[in-house]
Amino acid sequence: MWLIRLTWILAPDANVCVENLTESDITDTIYLLSEPDDQLEHVHVKYSQEIVTLTIFTKHATQESAEEQAKRMCRRILASSPSLLGWHMS
């Protein structure tokens, strides 16, 4: 199992309300939109008004494949979730 840390930041020009967004909302969205190929075992979310720090545990064979798949998963989730509009990977 590999531990991957990624950061999302809110775009400076994002015209979205993030005050009602919670760590639980983000965690639920990640689990809901993850796919079997992501091999997601666990995710921990730390959230502030402009930064989301993810600690992702995944079962890929190598650290390199785990990192690449975690990035692909995050890009896919950020692109498809209306509640995460305005966020992007740093």
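Residues numbered from 1 in each chain as written. Predicted model: local features only at pLDDT ≥ 70, side-chain atom pairs only at ≥ 80, totals over all residues. Heavy atoms only, no water.

1. A look at the overall build of the chain
What counts, and what does not: Only DSSP runs of H or I with at least four residues qualify as helices, and only runs of E with at least two residues qualify as strands; both kinds are numbered from the N terminus onward. Radius of gyration: C-alpha atoms only; globule rule: 2.2 Å multiplied by the number of residues to the exponent 0.38. Think of it in three bands: residues with accessible area under 20% of the maximum for their type are buried, residues over 50% are exposed, and the middle band is partly exposed, with areas taken using a 1.4 Å probe on protein chains only. When checking whether two residues touch, look at their non-hydrogen atoms; a contact exists if any pair is within 4.5 Å. Only four residue types enter the tally: Lys and Arg on the positive side, Asp and Glu on the negative side, with His and both chain ends excluded. Charge coordinates come from a single atom per side chain, which is NZ of Lys, CZ of Arg, CG of Asp or CD of Glu.
For the chain, the helix and strand inventory stands at 2 helices and 4 strands. Secondary structure elements of the chain occur, N-terminal to C-terminal, as β-α-β-β-α-β. Over its C-alpha atoms the chain spans a radius of gyration of 13 Å, differing by no more than 12% from the 12 Å that the globule rule assigns to 90 residues. Counting only C-alpha atoms, the chain reaches 40 × 20 × 20 Å along its principal axes. Expressed as a percentage of its 90 residues, the buried residues of the chain come to 36%. Long-range pairs, those at least 24 residues apart, make up 63% of the contacts in the chain with a sequence separation of at least 6. When the 7 basic and 13 acidic side-chain charges of the chain are each reduced to a single mean position, those positions are 6 Å apart.

2. Observations concerning the nonpolar core
As a reminder, the rule being used: Each nonpolar core is a collection of buried residues, namely Ala, Val, Leu, Ile, Met, Phe, Trp, Tyr and Cys, held together in the definition by side-chain atoms within 4.5 Å.
Among the nonpolar cores identified, the biggest contains 23 residues, and W8, I26, I30, L54, I56 and W87 are the most heavily contacted of them. Residue contacts for I30: discarding those within four places in its chain leaves W8, L40, V43, V45, L54, M73 and I77.

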